[in-house]
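Structure assessment
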Amino acid sequence: MPANFFRPKTQDRDRVPPGQILTEKFPVLTYGPTPRVHPEDVTFEISGQVEEAKAFSWEALMALPQSDLTADFHCVTRWSKLEVKWSGIKVLDLMRLIQLKPQARAVLIHCYGGYTTNLALGDLLLEQNILAHRLFGEPVPRDHGGPLRLIVPHLYAWKSAKWIRGLEFLDREELGFWEVNGYHRRGDPWKEERFSD
Ligand SMILES: Nc1nc2c(c(=O)[nH]1)N[C@H]1C(S)=C(S)[C@@H](COP(=O)(O)O)O[C@H]1N2
Ligand SMILES: [Mo]
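Report follows, based on the coordinates.

In the structure shown here, the tally under the stated rule is ten salt bridges. The closest approach of N and O atoms between Glu127 and Lys90, which form a salt bridge, is 2.5 Å. Highlighted residues: Glu127 in the loop between helix H3 (121-124) and strand S9 (130-135) and Lys90 in strand S6 (residues 79-90), separated in sequence by 37 residues. Judged by relative accessible area, which is 22%, Lys90 ranks as partly exposed. The partner of Glu192 in a salt bridge is Arg194, with the nearest N and O atoms 2.9 Å apart. Put simply, Arg15, Asp72, Glu83 and Lys85 are held in one network by salt bridges that share partners.

This part covers the sheet that holds strand S7 (residues 106-111). A sheet is described by the order of its strands in space; here five strands give the open sequence S4-S3-S12-S7-S8, paired in mixed fashion. Only two strands of the sheet have a single partner each, and these edge strands are strand S4 (54-57) and strand S8 (116-120). Taken over all neighbouring pairs, the strand axes of this sheet differ in orientation by 15 degrees on average, direction set aside. Here strand S3 (residues 43-48) runs beside S4; their pairing, made up of four bridges, is antiparallel. Within S4, the position partnered with Ile46 by the bridge is Lys54.

Cut-offs used in this document
Residues numbered from 1 in each chain as written. Chains lettered and ligands numbered in written order. Predicted model: local features only at pLDDT ≥ 70, side-chain atom pairs only at ≥ 80, totals over all residues. Heavy atoms only, no water. Salt bridge = Lys/Arg side-chain N within 4 Å of Asp/Glu carboxyl O. Helix = DSSP H or I, 4+ residues; strand = E, 2+ residues; numbered from the N terminus. Buried < 20%, exposed > 50% of the residue type's maximum accessible area, 1.4 Å probe, protein only. Pairing = 2+ DSSP bridges. Axes fitted to C-alpha atoms, helices over the stretch in contact; angles between N-to-C directions.

What follows is the structure, encoded as structure tokens:
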């Protein structure tokens, strides 16, 4: 096993999904260049199958209720990090301001730099999911997706899109970047949904 990685201790075993090893560091995993996004340039857009498309400035996002989340983070490349502390805006608090059309079924998440990932509506609209702008009490570092990233802790971390710029609601599933490239459409770490069949 590479240095800095270790098997879960007995007390942590039931919280680490199968096939994962732990690290106390927080590795950076990015495909391609790291976008440079200034908070004042953020316009977070909600579009597609919604009654009215909306765009939120950084200021508007910061004026929404703010919440904390402590969650374990599981990368499909087999490392997990326990107890990562995020703060930001709960997806459900943001979605209170949006009326979905009845035919909305899925969402495609768009990022600065062009990365995308897809979620079923039921995997997006969960209490714990958060648009995070703080990591361990500091602004999210650029490498880790700052100024704003999505955290969807119950799925593999490629769904936790960094440098997010918007949510596009769809009437049927459309696959994102890794999902088109052979990764699983859903990515539940407890079922080891790593690759598509
Ligand atoms: N925009 C964007 N988001 C992304 C990625 C990426 O390449 N681009 N990588 C994903 C993958 S595979 C993982 S494991 C996590 C890694 O987050 P971290 O770099 O903060 O550890 O971000 C996910 N979100
Ligand atoms: Mo990953």
